[in-house]
Each structure stands twice: as C-alpha cells, then as structure tokens.
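Coordinate analysis (summary)
Now for the letters of each chain:
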Amino acid sequence: IPLSERRGRVWHQGPFWFTGNFVLVTMITGFIGPSMGLALGWSVLAVTLGSCFGTFFMAFHANQGPRMGLPQMIQSRAQFGVRGAIIPFIAVVFVYFGFNVFDVILATHGIQVVLPASEYVWYPVLIIISVVTAIIGFDLLLVIQRWLTYLLIAVFGILTLYAIATLPLGSAIHGGKLLWSAFLVQFSAAAGYQISYAVYVSDYSRYLPEDVSAPGVIAWTYLGAAGSAVWLMSLGAMLASALPNPKGIGSILQVGNQLTPWFGTLAVIVGSVALVTIMAVNAYGAMLTSASAIDAFWPIKPTIRVRVAGITIFSIVVFIIALWIPKNYLGSFNNFVLLMLYFLIPWTAVNLVDFYLIRHGEYAILEIFNLNGIYRAWSWRGLTAYTLGLLGMIPFMNVSFYEGPVTKALDGADISFLVGLLVAG
C-alpha cells in the first residue's frame with residue numbers, strides 16, 4: 001500500500017477484531033472443556049489463559065501491516081522463499097475453508113429460527129451476501145465490523161448477565177476435579193483459535209500510516225480479539241456446564257427467551273449477522289493468500305476480475321463442504337481447531353522471530369515479489385525450521401484419530417504447541 005493511500009485510526013483495530021471474533025463459532029470453542037468433563041471454573045480458566053496466550057501472537061503480527069504495507073501471508077516469502085511460502089499458504093487456505101464451513105452452518109441454523117428453509121436455500125444466500133461484501137472489500141468490512149460491535153455488546157451483555165443470574169452455576173463452578181488432559185485440550189483449542197486470526201491480521205492493518213504507534217496497533221488488536229474471545233468462550237463454557245443438552249443456537253434461544261419470548265431470537269439473529277460478516281473477512285483473506293500462492297508460479301495481475309474469481313471459487317467449495325459435513329459437528333470442530341493449531345504454530349514462530357529478532361522489521365519490499373531476488377525461490381532456513389517444528393509436535397499431538405506417545409504418557413495432555421513454538425522459533 002503506497003504511503004499516499006495510508007489512512008485510518010489505530011483504535012479502529014479494536015472494534016474490528018472484537019466483532020470479528022464475537023461469533024457463535026467462538027462460543028462453541030468454550031463447549032470443548034465441559035464436553036470432556038472439565039468443571040466450569042477450570043474451563044473458564046483454560047479459555048482465558050488460552051485466548052490470552054494465542055492473541056499475543058496475533059497482536060504482534062498486526063504491527064507488521066503498517067511497517068510493510070503488505071497482506072499478512074505474502075510477508076512469509078521473506079522467511080520461506082517466494083515459492084517456498086506455498087507450504088504455509090496451503091495450511092492457511094485450509095483454515096479459511098474450515099472456518100467458513102462452520103460459520104455458514106451456524107449462521108444458517110440461526111436464520112432458520114425466524115425464516116425456516118433448507119440448507120440448499122440459506123447456504124447459497126448467506127454465502128452470496130458474504131461474497132458481495134468481500135468483493136467490495138476493505139473499507140466496507142471495517143465500517144460494518146465497527147458498528148456491529150456496539151450492537152453485540154448490548155445484546156450479549158444482557159444475555160450474559162441474565163445467564164449468570166439465573167443458571168444453576170454453583171455446582172458447575174465448584175464441582176469436579178481438575179482434569180489436566182481436558183484442561184490442556186481446552187487451552188490449546190482456545191489458543192489455536194486465536195492464533196488462526198494471525199494469518200490475516202495485517203490484511204486489515206496495512207492501510208494504517210507507516211509511522212503509527214507499534215504499541216498502539218498491538219494493544220488495540222489484542223484488546224479487541226482477546227476481550228471478545230474470553231467473554232464468548234466463557235459464556236459457551238457456562239452454557240455447556242449448566243444446560244443438560246447444550247447446543248450453539250439452542251442454548252442462546254433457551255436462555256434468552258426465558259428473559260423475554262423474543263430476546264433469545266434477537267441474540268441468535270445478531271450473532272448470525274456477525275457470522276456472515278466474518279465469512280466475508282475469511283473469503284477476502286483466502287483470495288489474497290491464494291493469489292499470492294499462484295503468483296509465485298504463474299505471475300498474475302491483481303485486478304478486480306482476479307478478486308471476484310478467487311472469492312467466488314473459494315465460496316463454491318465452502319458450499320460443497322458445508323453440505324457434506326456431519327450434522328453433529330462439535331467433534332469435527334474440535335479436531336479442526338487442533339489441526340489448525342498444529343500447522344500454524346511453527347509458521348507464527350518463524351515469522352515473528354524473523355521480523356522482531358533477526359531482521360528487526362527491515363525488509364526489501366520489492367524483493368518479496370522477485371523470484372530471483374535476495375529471498376530466493378525456496379528458503380531452506382525457514383522451510384527447515386517450519387518442518388522441524390511440525391515434526392517435533394507429532395509425539396505430543398492429541399486428536400480423535402491420533403494420540404502421540406508422549407501424550408499417552410501424560411494421560412492425554414496435549415503440550416504440542418509449546419514444543420512447536422520452541423523448535424521452530
């Protein structure tokens with residue numbers, strides 16, 4: 001982004017990431033601990049620590065946008081090479097697909113509360129709305145997210161206070177012992193969920209003036225993203241602990257409609273609207289990442305046609321996957337979040353260590369677009385660090401289809417994120 005086009009206020013990053021993270025998918029992340037038998041008090045502690053830990057990395061990526069004026073993932077060419085960056089690019093596009101699939105499923109369930117129709121009707125309608133918003137792009141997304149923040153705080157603030165006042169939380173808070181394996185799974189899920197936003201955080205800070213305060217960018221991003229995550233995941237843990245059959249949409253309806261016959265419905269609709277806007281953010285980021293990957297092998301000019309084509313193709317694939325995924329998606333979501341953590345931890349370690357400790361933010365920007373430049377086509381240092389970080393995590397992983405030998409010895413506790421950070425960094 002040239003200096004002549006730099007604009008915006010640093011505090012806008014706060015509401016943008018607050019609303020971007022204040023979606024029903026975030027709340028469902030808080031269901032994981034209670035579903036594994038973890039008591040409410042420990043579940044809230046796990047999501048709080050995990051969210052604060054994961055947002056730390058995301059927020060420090062935000063500072064890269066104003067300094068370099070580039071989308072987040074194309075910066076990885078400096079560490080992995082112009083073509084080598086396709087390795088983390090593939091993992092990131094997988095993240096975008098996964099989030100939008102879960103987003104459209106939940107948003108559809110929310111809309112169906114008021115306007116019943118099949119998935120074959122609502123999936124394409126909601127996806128088209130997100131596509132149009134993403135094509136219009138950056139400025140519209142920033143404005144929508146900012147104004148939605150106030151509405152979300154008002155509606156979910158009332159819902160949360162009413163839930164605390166009326167749900168039987170006493171035994172859920174104090175009952176049950178600490179299950180370390182469940183605690184670490186919930187911690188990892190919350191941390192991985194937050195780290196996933198790091199893959200496009202600079203997409204929305206790159207328009208800020210080059211000399212904007214680094215502590216300001218980092219702090220506003222952190223406060224917005226961590227604040228909404230801790231709030232909504234804790235609410236999810238509360239609902240999952242206190243209700244006999246907790247479900248994302250159903251739990252909000254049940255609690256909200258006890259306050260008034262319509263309040264739960266209002267909360268679900270507002271939450272569904274927020275999901276559609278973050279679908280647009282994901283589609284926009286997926287287009288930027290995919291175009292960057294293709295450009296490393298077949299140079300393309302970033303035109304409106306490329307933007308429209310990229311966002312449309314991405315959204316068609318999301319529609320197909322959403323129709324295919326099982327109805328009981330909590331188990332699938334848990335696996336998805338953990339897999340996302342495994343692939344993104346080595347990337348964030350390499351990227352941040354390079355930016356802050358090795359190059360100190362000094363990059364030859366034009367060389368990032370030069371296949372034969374100083375960053376080379378394939379950078380063995382970054383690729384080796386990423387690969388070793390990923391391999392080092394394998395014995396410590398714990399998902400439904402695989403449990404590493406170290407994890408078994410630790411009674412199911414997953415500490416792979418610490419290993420991945422240390423080895424790759």
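Residues numbered from 1 in each chain as written. Predicted model: local features only at pLDDT ≥ 70, side-chain atom pairs only at ≥ 80, totals over all residues. Heavy atoms only, no water.

Taken as a whole, the largest pocket encloses approximately 700 Å³ of empty space. Along its surface, the largest pocket is lined by 28 residues, and P71, R206, M287, L288 and P302 are the ones closest to its centre. At the level of secondary structure, the elements contributing two or more residues to the lining of the largest pocket comprise α9 (138-166), α14 (263-295) and α15 (304-324). For the lining of the largest pocket, the element with the most residues is α14, which contributes six residues. For the lining of the largest pocket, a count of residues per class yields 16 nonpolar, four polar and eight charged. Roughly 340 Å³ of volume is contained in the second largest pocket. Along the walls of the second largest pocket sit 18 residues, with Q79, R359, S379, R381 and G382 positioned nearest its centre. When contributions to the lining of the second largest pocket are tallied by element, the ones reaching two or more residues are α6 (77-80), α16 (330-358) and α17 (380-393). (1 Å grid on protein atoms, 1.4 Å probe; cavity = no way out; pocket = protein on both sides within 12 Å on 5 of 7 lines; lining within 4 Å. Points joined across faces, edges and corners; volume = space filled by probe spheres on them. Helix = DSSP H or I, 4+ residues; strand = E, 2+ residues; numbered from the N terminus. Nonpolar A, V, L, I, M, F, W, Y, C, P; charged D, E, K, R; others polar.)

Two elements in contact, helix α7 (residues 86-112) and α14, have axes separated by 9 Å at closest approach and are oriented at 160 degrees. Compared by their axis directions, α7 and α14 come out roughly antiparallel. For α7 against α14, the interelement crossing comes out left-handed. (Axes fitted to C-alpha atoms, helices over the stretch in contact; angles between N-to-C directions. Parallel < 35°, antiparallel > 145°, perpendicular 65-115°, else oblique. Left-handed = near helix turned anticlockwise from the far one by under 90°.)

The next point concerns the side chain of N282. Residue position: N282 is located in helix α14. Setting aside anything within four residues of it in sequence, one finds N282 in contact with Y96, F99, N100, D103, Y200 and F314. (Contact = heavy atoms within 4.5 Å.)

To continue, consider the packing of aromatic side chains. If you walk through the whole model with that rule in mind, you get 33 aromatic pairs. Judged by centre distance (6.3 Å) and plane angle (55 degrees), the ring pair of F18 and W231 falls under tilted. Of this pair, F18 sits in helix α1 (residues 13-21) while W231 sits in helix α12 (residues 214-242), and the two are 213 residues apart along the sequence. By the ring-pair criterion, three or more aromatic residues cluster together here, those being F16, W17, Y96, F99, Y193, Y197, Y200, Y204 and Y284. (Phe/Tyr/Trp six-rings, centres within 6.5 Å; stacked < 30°, edge-to-face > 60°.)

Right, let's get into the pattern of salt bridges. One pass over the structure, following the stated rule, counts three salt bridges. Two residues, R77 and D295, come together in a salt bridge whose shortest N-O distance is 3.4 Å. With R77 in helix α6 and D295 in helix α14, this residue pair connects regions lying 218 residues apart in the sequence. (Salt bridge = Lys/Arg side-chain N within 4 Å of Asp/Glu carboxyl O.)

Quick look at the nonpolar core now. With 128 residues, the main nonpolar core has W17, V104, F156, L167 and L235 as its most contacted residues. Looking at which element gives the most residues to this core, the answer is α14, with 17 residues. When neighbours within four sequence positions are excluded, F156 is seen to be in contact with F22, L24, W231, L232, L235, I252, A267 and G271. If you look at the next biggest cluster of nonpolar residues, it comprises eight residues, including L70, I74, A78 and Y363. (Core = buried A, V, L, I, M, F, W, Y, C linked by side-chain atoms within 4.5 Å. Buried < 20%, exposed > 50% of the residue type's maximum accessible area, 1.4 Å probe, protein only.)

Turning our eyes to something else, we now look at unusual backbone geometry. Positioned with a positive phi, H360 is a non-glycine residue whose angle comes to about 50 degrees. Looking at the secondary structure, you find H360 in the loop between α16 and α17. Looking at H360, the relative accessible area reads 57%, which means it is exposed. Residues other than glycine seldom take positive phi values, yet R376 does so here, at roughly 65 degrees. Considering the arrangement of structural elements, one finds R376 in the loop between α16 and α17.

Moving on to empty space enclosed by the protein. The tally for this structure, following the rule as stated, stands at two cavities of 30 Å³ or more. Reported here for the largest cavity is a volume of approximately 80 Å³. Within the lining of the largest cavity, the residues separate by chemical class into nine nonpolar, two polar and one charged. A volume near 40 Å³ is recorded for the second largest cavity. Together, P71, Q72, M73, I74, V199, D203, G285, L288, T289 and S292 line the second largest cavity. Taken together, the residues of the lining of the second largest cavity break down into five nonpolar, four polar and one charged.

A word on the environment of L106. Secondary-structure assignment places L106 in helix α7. Through-space distance from the C-alpha of L106 to that of G14 is 24 Å; in sequence the pair is 92 residues apart.

What follows is about the packing of helix α11 (residues 180-196) against α12. Contact geometry of α11 with α12 gives a least axis separation of 11 Å together with a crossing angle of 145 degrees. Handedness of the crossing formed by α11 with α12: right-handed. Across from A190, Y193 and Q194 in α11, the residues of α12 making contact are A225, A226, A229 and M233. In terms of residue class, the contact of α11 with α12 is made up of six nonpolar, one polar and no charged.

Our next topic: a nonpolar patch on the surface. Nonpolar side chains collect at one region of the surface, where L388, L391, I394, F401, Y402, L422 and V423 lie side by side and expose about 690 Å² of accessible area between them. Sorting the residues of the nonpolar patch by element identifies α17 and α19 (416-424) as the ones contributing at least two each. Residue placement: L388 occurs in helix α17. Of the residues examined, L388 reaches a relative accessible area of 47% and is grouped as partly exposed. (Patch = residues over 30% accessible without salt bridge, like charges linked within 9 Å, V, L, I, M, F, W, Y side chains within 5 Å. Areas by Shrake-Rupley, 256 points an atom, 1.4 Å probe, with all protein chains shown as cover.)

In this section: the environment of K408. Along the chain, K408 falls in helix α18 (residues 405-409). Relative accessible area serves as the criterion here: at 54%, K408 is assigned to the exposed category. For K408 and W122, which are 286 residues apart along the polypeptide, the C-alpha to C-alpha distance reads 43 Å.

In this model α17 runs 20 Å from its N-terminal to its C-terminal C-alpha over 14 residues, within 8% of the 20 Å that 1.5 Å per residue would give. Where α17 is concerned, the buried positions are G382, L383, A385, Y386, G389, L390 and M393. Down the axis of α17, the buried set is contained in an arc of 165 degrees. They therefore lie on one face. Looking at α17, the residues exposed on the side facing more than 90 degrees away from the buried face are W380 and R381. (Expected span 1.5 Å × (residues − 1). Arc of directions from axis to C-beta.)

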